[in-house]
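One letter stands for each residue in the lines below.
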Amino acid sequence: MRIDLHTHSTASDGTDSPAGLVAAAAVAGLDALAITDHDTTAGWEEARAALPPGMRLVRGAELSCVSPDGRGGHCTVHLLAYLFDPEAEAVVREYARARAERRGRLARIADLMAADGFPVDAESLLAAVPEEATAGRPHLAMALMRAGVVSSVDEAFARFLSDRGRYYLPSSRTPVESSIEMIRRAGGVTVLAHAFAAHRGPTVTGEVIKDLAGVGLAGVEVNHPDHDEDARKRLRRLADELDLITTGSSDYHGTNKVIALGQETTAPEMLDEIARRATGVPVVEG
Ligand code: AMP
Ligand code: FE
Ligand code: FE
Ligand code: ZN
């Protein structure tokens, strides 16, 4: 059984359409796949309609939030939300707000770069991202690549756009505790994504994860391409101690990243546990 619970489509910053993502999952030999675009459920229907017989789809999303970092400050964290009711009023409102805020933020980053002489234009950049899709830094990175400023999305992040880069602006200030509560009320299950991916930027301490577990966080993503062995070990120990669900996932973004679908996987009993706790929407099978 091969299960990948964190992937992106063109509904946010991936390069495969939702149907293309499902097709790629079949080629990769996956039995179950979660679609977890940033701040949107816009890809759910297309992905579901494309399911081949026997493949299971976990409908989800990834939310950018702000959290105490456990060292007296704050940092960005990403919250994976699974099997919530996509029509819950608070969810619809929050995702629409987050998407609108992201468009403004990406325009501000593009304006900053344009002011420094880079050949990017906020208006045409955003015109290329459909209204119901979620804009993100990879869209700008791809524009920089098309303009010949960089030769890869990775290079755009390394030189300009990473969380430590000179053009970085944070995407959302939604407190992670309220997002956990919002998803819980919508019948969903939350898993903290790549919590100890230190090279991306500041991360939370184990104490913070303990606090989040206390307000309803159900799991942690342990096996993730951005986690080294030490990060995985610490998260596994923490999950043991706090009785949290553990997942493994690729965070596939199509050609935006060099990560393959199914590069990291989740144990079947962990998916069963997520499905058991959810009351929003069910896991669907093709
Ligand atoms: P944003 O959602 O706009 O804050 O941008 C974060 C997204 O950028 C992540 O979800 C990844 O898709 C992507 N990303 C972050 N770091 C890198 C990197 N070094 N190379 C390629 N993509 C990245
Ligand atoms: Fe992304
Ligand atoms: Fe993420
Ligand atoms: Zn992701």
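Here, every reference points to the structure presented above.
Before going into details, it helps to say that this report is about the structure given with it.

Moving on, we come to the environment of Phe 157. Locating Phe 157 in the fold gives a position in helix α6 (residues 153-161). C-alpha of Phe 157 to C-alpha of Tyr 168: the two residues are eleven residues apart in sequence and 9.6 Å apart in space. Those residues in contact with Phe 157 that lie beyond four places of it in its chain are Arg 137, Pro 138, Ala 141 and Ser 162.

Glancing now at the coordination of the iron ion (ligand 3). Those donors, Glu 62 (OE), His 78 (ND1) and His 194 (NE2), are the protein atoms that reach the iron ion (ligand 3), and they lie 2.0 to 2.2 Å from it. Donor residues binding the iron ion (ligand 3) come from one chain and are separated in sequence as E-x15-H-x115-H. Between the iron ion (ligand 3) and the iron ion (ligand 2) there is a metal-metal distance of 5.7 Å. Linking His 78 in strand β4 (residues 74-82) with His 194 in the loop between β5 (189-193) and α8 (206-214), this pair joins segments that are 116 residues apart in sequence. Residue His 78 is classed as buried on the basis of its relative accessible area, which comes to 15%. Residue His 194 is classed as buried on the basis of its relative accessible area of 8%.

Before going further, it helps to spend a moment on a negative patch on the surface. On the surface, a cluster of negative charge is contributed by Glu 177, Glu 207, Asp 211, Asp 240, Glu 241 and Asp 243. Residue assignment for the negative patch shows that the elements contributing at least two residues are α8 and α9 (229-242). What makes Glu 241 exposed here is its relative accessible area of 54%.

Moving on, we get to the site of ligand 1. Around ligand 1 there are 13 residues in total, and His 38, Arg 105, Arg 137, Asp 154 and His 253 lie nearest to it. Residue His 38 places a side-chain N or O atom 2.9 Å away from an oxygen atom belonging to ligand 1. Here His 253 contributes a side-chain N or O atom positioned 2.6 Å from an oxygen atom of ligand 1. Relative to its unbound accessible surface of 500 Å², ligand 1 loses 87% to contact with the protein. Of all the secondary structure elements, the ones that give two or more residues to the shell around ligand 1 are α3 (89-115), α5 (137-146) and α6. Top element by residues in the shell around ligand 1 is α6. It accounts for three residues. For the shell around ligand 1, the class distribution of residues is three nonpolar, four polar and six charged.

Moving on, we come to the packing of aromatic side chains. Applying the stated criterion across every chain yields a total of five aromatic pairs. Measuring from ring centre to ring centre gives 6.0 Å for Phe 84 and Tyr 95, while their planes differ by 85°; the resulting arrangement is edge-to-face. Taken as a pair, Phe 84 in the loop between β4 and α3 and Tyr 95 in helix α3 lie far apart in primary sequence, eleven residues in all. Look at Phe 118 and Phe 160: their rings are 5.0 Å apart centre to centre, the planes differ by 70°, and that puts the pair in the edge-to-face class. One end of the pair, Phe 118, is in the loop between α3 and α4 (122-127); the other, Phe 160, is in helix α6, and 42 residues separate them in sequence. An aromatic cluster of at least three residues, connected via ring pairs, comprises Trp 44, Phe 84 and Tyr 95.

Okay, the side chain of Ser 250 next. Note on placement: Ser 250 falls in the loop between β7 (245-248) and α10 (268-277). Within the local environment of Ser 250, its side chain forms a polar contact with the side chain of Asp 4, the two groups lying 2.7 Å apart. Among the polar contacts made by the side chain of Ser 250, one reaches the main-chain amide nitrogen of Tyr 252 at a distance of 3.1 Å. Other than its neighbours up to four places away in sequence, Ser 250 contacts Asp 4, His 6, Thr 7, Pro 225, Ile 259, Ala 260, Leu 261, Gly 262, Gln 263 and Glu 264.

Rules and cut-offs
Residues numbered from 1 in each chain as written. Chains lettered and ligands numbered in written order. Predicted model: local features only at pLDDT ≥ 70, side-chain atom pairs only at ≥ 80, totals over all residues. Heavy atoms only, no water. Helix = DSSP H or I, 4+ residues; strand = E, 2+ residues; numbered from the N terminus. Contact = heavy atoms within 4.5 Å. Donors = N, O, S within 2.8 Å, 3.2 Å for Na, K, Ca; no water. Buried < 20%, exposed > 50% of the residue type's maximum accessible area, 1.4 Å probe, protein only. Patch = residues over 30% accessible without salt bridge, like charges linked within 9 Å, V, L, I, M, F, W, Y side chains within 5 Å. Areas by Shrake-Rupley, 256 points an atom, 1.4 Å probe, with all protein chains shown as cover. Salt bridge = Lys/Arg side-chain N within 4 Å of Asp/Glu carboxyl O. Lys, Arg positive; Asp, Glu negative; His and termini not counted. Charge placed at Lys NZ, Arg CZ, Asp CG, Glu CD. Near = heavy atom within 4 Å. Polar contact = N/O pair within 3.5 Å; in protein donor to acceptor, adjacent residues only side chain to side chain. Nonpolar A, V, L, I, M, F, W, Y, C, P; charged D, E, K, R; others polar. Phe/Tyr/Trp six-rings, centres within 6.5 Å; stacked < 30°, edge-to-face > 60°.

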